[in-house]
Amino acid sequence: MSRFRPLPLAFYRRPAEAVARDLLGRYLVRELDGERLALRLVEVEAYLGRDDPASHAFRGPTRRNASMFLAGGHAYVYFVYGMHWCVNVVCGAEGQPHAVLLRAGEPVDGAARMAELRELGRPPRRREIAGGPARLAEALAIDRAFDASTLWRGPLRLTHGDPVADTEVVRGPRIGVDYAGEAARWPLRFAVAASPELSKPLRRG
DNA sequence: TCGACGATCATCT
DNA sequence: GATGATCGTCGAG
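Residues numbered from 1 in each chain as written. Chains lettered and ligands numbered in written order. Predicted model: local features only at pLDDT ≥ 70, side-chain atom pairs only at ≥ 80, totals over all residues. Heavy atoms only, no water.

1. Focus on the side chain of arginine 174
As for its placement among the helices and strands, arginine 174 is situated in the loop between β7 (169-172) and β8 (189-192). Its relative accessible area of 4% is what places arginine 174 among the buried residues. Within the local environment of arginine 174, its side chain forms a polar contact with the backbone oxygen of alanine 46, the two atoms lying 2.9 Å apart. Within the structure, arginine 174 has its side chain in polar contact with the side chain of aspartate 52 (distance 2.6 Å). (Helix = DSSP H or I, 4+ residues; strand = E, 2+ residues; numbered from the N terminus. Buried < 20%, exposed > 50% of the residue type's maximum accessible area, 1.4 Å probe, protein only. Polar contact = N/O pair within 3.5 Å; in protein donor to acceptor, adjacent residues only side chain to side chain.)

2. Things to note about the side chain of asparagine 88
Of note, asparagine 88 is situated in strand β4 (residues 84-91). At 3.5 Å, the side chain of asparagine 88 and the backbone nitrogen of leucine 101 are in polar contact. The contact partners of asparagine 88, leaving out residues within four places of it in the chain, are His74, Ala75, Tyr76, Tyr78, Ala99, Val100 and Leu101. (Contact = heavy atoms within 4.5 Å.)

3. Some words on the environment of aspartate 33
Structurally, the position occupied by aspartate 33 is in the loop between β1 (27-32) and β2 (35-47). Residue classification places aspartate 33 among the exposed positions, given a relative accessible area of 68%. Among the polar contacts made by the side chain of aspartate 33, one reaches the side chain of arginine 113 at a distance of 3.5 Å.

4. What about the pattern of salt bridges?
If the charged atoms of two oppositely charged side chains come close together, the side chains can form a pair. Tallying each qualifying case throughout the model produces 17 salt bridges. Linking arginine 3 and aspartate 162 is a salt bridge whose minimum nitrogen-to-oxygen distance equals 3.7 Å. With arginine 3 in the segment before α1 (9-12) and aspartate 162 in the loop between β6 (156-159) and β7, this residue pair connects regions lying 159 residues apart in the sequence. For aspartate 162, a relative accessible area of 26% translates into the label partly exposed. Across the pair glutamate 31 and arginine 157 runs a salt bridge whose closest N-O atoms are separated by 3.1 Å. Highlighted residues: glutamate 31 in strand β1 and arginine 157 in strand β6, separated in sequence by 126 residues. Assessed through its relative accessible area of 18%, arginine 157 is described here as buried. Each of Arg3, Arg40, Glu106 and Asp162 takes part in salt bridges that share partners, so that together they form one network. (Salt bridge = Lys/Arg side-chain N within 4 Å of Asp/Glu carboxyl O.)

5. A short note on the protein's contact with DNA strand B
Close contacts around DNA strand B come from Thr62, Arg63, Arg64, Phe79, Tyr81, Gly82, Met83 and Arg144, and that covers them all. Of all DNA strand B atoms lying within 4 Å of any protein atom, the proportion belonging to sugar or phosphate reaches 68%. One of the backbone nitrogen or oxygen atoms of arginine 63 is found 3.1 Å away from a phosphate oxygen of DNA strand B. Arginine 144 places a side-chain nitrogen or oxygen 2.8 Å from a phosphate oxygen of DNA strand B. Taken together, the residues of the surface near DNA strand B sort by class into three nonpolar, two polar and three charged. (Near = heavy atom within 4 Å. Nonpolar A, V, L, I, M, F, W, Y, C, P; charged D, E, K, R; others polar.)

6. Concerning the protein's contact with DNA strand C
His56, Tyr78, Asn88, Arg118 and Arg135 are the nearest of the 21 residues found near DNA strand C. Close to the protein, within 4 Å, the atoms of DNA strand C are drawn from sugar and phosphate at a rate of 54%. Contact between DNA strand C and histidine 84: a base oxygen at 2.9 Å from a side-chain N or O atom of the residue. In this structure, a phosphate oxygen belonging to DNA strand C sits 3.2 Å away from a side-chain N or O atom of arginine 103. Of the residues contributing to the surface near DNA strand C, the split by class is 11 nonpolar, six polar and four charged.

Written as structure tokens, this is what we have:
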């Protein structure tokens, strides 16, 4: 099935804003214990590296953000609030720390296993499986072990999926980056308008 | 349905 | 020593 063919390296070697838009509808695929878990990406955010006060790379390289400086096509996985993991797709050329935060996805394969991994202790509502960056990471059992991993091959991959038309895409300000001043309002959050599984509502405009 | 709040710790200053 | 690219719960409406 061509939907599960990995995206080519050239896909990632562009500025984060372009990659973010094109990631909508693609599949994030995780091989776990011989089972395929797949999410259709419906919400992402672009972070523009050294030019972006909201980016973890704004102040240059540190131990935490080192993988952002790898060539596009790697993962940047970080730990926040003492308990959550979040997954980014590194973009651009090596040394250009652009990245796209994966904020929400709809289960395509392995929804039951994802629900277990979320450990909610009750049947999850749809958006509770992967409707949020930390939920998405937990649903696919992604943690520090995937930081700096390759996304074009290996147990965590990005594949062609079902690309979405411009008419289905909405954009708006990024979530949770008020500390970044004016940059918090840059419209770098992209979502599939029709999806019921966004981390937060995002209206057209 | 919504807003407030606490949990919890690696990383950076 | 301060702080987060968050989430789940709780109480009010």
